[in-house]
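Structural overview for review
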Amino acid sequence: MLLENIIVFVLAAFVGREVISKVPATMHTPLMSGSNAISGITMVGALVLAGMVGGMWAKWIGFAALIFATINVVGGFMVTDRMLEMFKKKDKV
Amino acid sequence: MSLTDLIDIAYLIAAILFITGLKKLQSPGTARDGNRLAAVGMFVAVAATLFQGELLTPAEMIAGIVIGSGIGAILAKRVQMTGMPELVAAFNGFGGIASFGVAGAEIAKIMTLAGAATGEPAFDVTSAVTIAVSLLIGMITFTGSFVAFGKLSGKISGNPISFPGMRLFTVLMFSGAIFGAGYMVWGAGGFPAAADPVVQGAILVGITAFILGILLVIPIGGADMPVVVALLNSYSGLAAAATGFVLNNTALIVSGALVGASGLILTNIMCVAMNRSLLNVLLGGFGGDSDDSEAGPVQSFEGKSVQSTSPDDTAILLSYAQKVIIVPGYGMAVAQAQHAVRELADELDKRGIEVKFAVHPVAGRMPGHMNVLLAEANVSYDKLFEMDEINGEFESCDVALVIGANDVVNPAARHDKTSPIYGMPILNVDQAATSIVLKRSMRPGYAGIQNELFFNGNNRMLFGDAKESITAIVAEIKLL
């Protein structure tokens, strides 16, 4: 399992490098806030733990983690969208 | 096909949507769709997880999502564009603490499940290592990001902060974290029957990581912030990936690796743009806030003196130009001058004067900072040019207007080997027929050195608040 995980990690990192190194400087801030929202994927892990039956500690720590991760995801995608809305090509006045 | 398989397929779809979404960021025209695709990917991953069979009490899950979404939405809607660097830092921090929490909850879960004798697989060395790494990176990301937040929002001084023995203390804290992780691994065999070593080790890792995150960011000065923000972005991805290793969750590993790679690429671009190594930035202590609020003492340099100009003269000069290049810097953000700058560009454009913007990679406090501000002010993105694209054009331009930028236009970087910024790629403003620098005073910039450009024969200084100066220039041009 560990080896499989490492393989997935390394391949994904290479894909990331290929895709992201072509992003122009104009898009660097949206890239950061958008990719930051993606890193909020931790919320998937938090969900599993928050929904647990029995373990009080696991459940409530997971619940707190879920709130933080969701702030990261929802806030991150929304603020990126707001930013990108402004990036327009204007016609000559 | 089992439910688990379906969930795995959903995670695969999410990963594909993330990659496609990031790819669409390569062009400003498709970027908005790209971000939305990534958001859909996240929705798919979350929805699939909600369907997972073992989840019996969804009330907590729904409540968590609702609360988090509400807070996130409020923060995202309220922020001013000038507050973007600190918001990005804060979101990074939330991601970090979430990863820390998930790893911590995983320890608690294993203890509970073993107590209930459910036959969960035993806690092994791999689990101990991955949980320790996840706790460490998650907590460093959290405290580091919030120190960065404090510095960017002005709640903490932007100057580098250090104290005697700080490096030794950092090494000590790092050793403590390694020891804590080692203690967790050592206790892994007896866990969870004898839970103490793992729990105590985890607490030690958490505390030392908390302090390490602070120590890593406080010695770094304001203008090096783009590097730190990008690096913390990378950490938040690595923290998510580490959590994926803990939970054996492919979606987390793939997404975390993508974000980790993205942050590292940005970090590298920022370092190259300053001609400094990452280590050099992280060791810190370089310069302070380029706070030029009070009049500086130096009015001459190597026998040459500064020539100042007025908004009226600048307006005349600009209106007779054929080609103008505007160089924005952090000073434009501080003065909130971006809207006035756009008005100026529009006025010149109406008169048939070619206007371009030259953006240095490290201008501002985060990667792409100037681009966001100018986009907010409705400047078309095809007028913004990167350093390499535009540097050849300064020779043929009549006026280069520098608004609140300093070190990135200092010609000393090209030839003065004794200068701390020697070798840093700069914008060739000195090659323009005339350069005009808008600045509050003669105070040196971030690197703490005088700027040769200011003493050039074809340079004029326009002292004062950037917004007021530009508004005055625009008013004058309209009268001409």
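Residues numbered from 1 in each chain as written. Chains lettered and ligands numbered in written order. Predicted model: local features only at pLDDT ≥ 70, side-chain atom pairs only at ≥ 80, totals over all residues. Heavy atoms only, no water.

Turning our attention to the interface of chain B and chain A. Of the residues lining the interface, 102 residues belong to chain B; the matching set on chain A comes to 83 residues. Where chain B abuts chain A, roughly 8,000 Å² becomes buried across the two surfaces, and 76% of that area is made up of carbon and sulfur atoms. Connecting chain B to chain A are three salt bridges. Among the salt bridges present, the one from B:Arg32 reaches A:Asp81, with a minimum N-O distance of 3.1 Å. Here chain B is connected to chain A by 17 residue pairs in polar contact (both at pLDDT 80 or more). Counting residues per element, the ones that place at least two in the side of chain B that touches chain A are α1 (3–24), α2 (31–50), α3 (58–78), α4 (84–115), α8 (225–247), α9 (250–274) and α14 (369–376) of chain B. Counting residues per element, the side of chain B that touches chain A draws most heavily on α4(B), at 17 residues. (Contact = heavy atoms within 4.5 Å. Buried area = accessible area lost by both parts, 1.4 Å probe. Salt bridge = Lys/Arg side-chain N within 4 Å of Asp/Glu carboxyl O. Polar contact = N/O pair within 3.5 Å; in protein donor to acceptor, adjacent residues only side chain to side chain. Helix = DSSP H or I, 4+ residues; strand = E, 2+ residues; numbered from the N terminus.)

Residue and element names in this part refer to chain B. The six strands lie next to each other as β5-β4-β3-β6-β7-β8, forming an open sheet whose pairing is parallel. The strands lining the two open edges of the sheet, one partner per strand, are β5 (384–386) and β8 (459–463). Recorded for the sheet is a direction-independent mean angle of 25° between the axes of neighbouring strands. Two elements, strand β7 (residues 434–439) and β8, share five bridges in a ladder whose sense is parallel. Bridged to Ser435 within β8 is Asn459. Contacts from α14 reach β3 (323–328), β4 (354–359) and β5, with the element oriented near 145° to β4. (Pairing = 2+ DSSP bridges. Axes fitted to C-alpha atoms, helices over the stretch in contact; angles between N-to-C directions.)

To continue, consider empty space enclosed by the protein. Within this structure, the stated rule accounts for one cavity of 30 Å³ or more. Here the largest cavity defines a volume of roughly 50 Å³. Along its surface, the largest cavity is lined by A:Pro30, A:Gly34, A:Ser35, A:Ile38, A:Thr80, B:Phe18, B:Gly21, B:Leu22, B:Leu25, B:Gly34, B:Asn35 and B:Ala38. For the lining of the largest cavity, the secondary structure elements donating two or more residues are α2 (28–39) of chain A together with α1 and α2 of chain B. Classifying every residue of the lining of the largest cavity by side-chain character gives six nonpolar, six polar and no charged. (1 Å grid on protein atoms, 1.4 Å probe; cavity = no way out; pocket = protein on both sides within 12 Å on 5 of 7 lines; lining within 4 Å. Points joined across faces, edges and corners; volume = space filled by probe spheres on them. Nonpolar A, V, L, I, M, F, W, Y, C, P; charged D, E, K, R; others polar.)

Time to look at the packing of α1(B) against α9(B). All names here are of chain B. Between α1 and α9, the least distance of the axes is 9 Å, while the angle of their chain directions is 10°. Taken together, the axis directions place α1 and α9 in an arrangement best described as roughly parallel. Crossing angle aside, the handedness with which α1 passes α9 is right-handed. Seen from α1, the contacting residues are Tyr11, Ala15, Phe18, Ile19 and Leu22; seen from α9, they are Ala251, Val254, Ser255 and Leu258. (Parallel < 35°, antiparallel > 145°, perpendicular 65-115°, else oblique. Left-handed = near helix turned anticlockwise from the far one by under 90°.)

According to the stated counting rule, one finds 16 salt bridges over all chains in the structure shown. Residues B:Asp224 and B:Arg276 are paired through a salt bridge, measuring 2.9 Å at the closest nitrogen-oxygen approach. Of this pair, B:Asp224 sits in the loop between α7 (196–217) and α8 while B:Arg276 sits in the loop between α9 and α10 (278–283); the two residues are 52 residues apart in sequence, bridging distant segments of the chain. Here B:Arg276 falls in the buried class, since its relative accessible area comes to 12%. Residues joined by salt bridges that share partners form a network here, namely A:Asp81, A:Glu85, B:Arg32 and B:Arg36. (Buried < 20%, exposed > 50% of the residue type's maximum accessible area, 1.4 Å probe, protein only.)

The next point concerns the nonpolar core. Counting 143 residues, the largest nonpolar core has A:Ile41, B:Met84, B:Leu135, B:Met184, B:Leu318, B:Leu344 and B:Phe357 as the members making the most contacts within it. Broken down by element, this core gets its largest block of residues, 14 residues, from α4(B). In contact with A:Ile41, not counting residues within four places along its chain, are A:Val73, B:Phe18, B:Met42, B:Ala45, B:Ala240, B:Ala251, B:Leu252 and B:Ser255. Membership of the second largest hydrophobic core comes to 35 residues, among which are B:Phe394, B:Val408, B:Met442 and B:Leu453. (Core = buried A, V, L, I, M, F, W, Y, C linked by side-chain atoms within 4.5 Å.)

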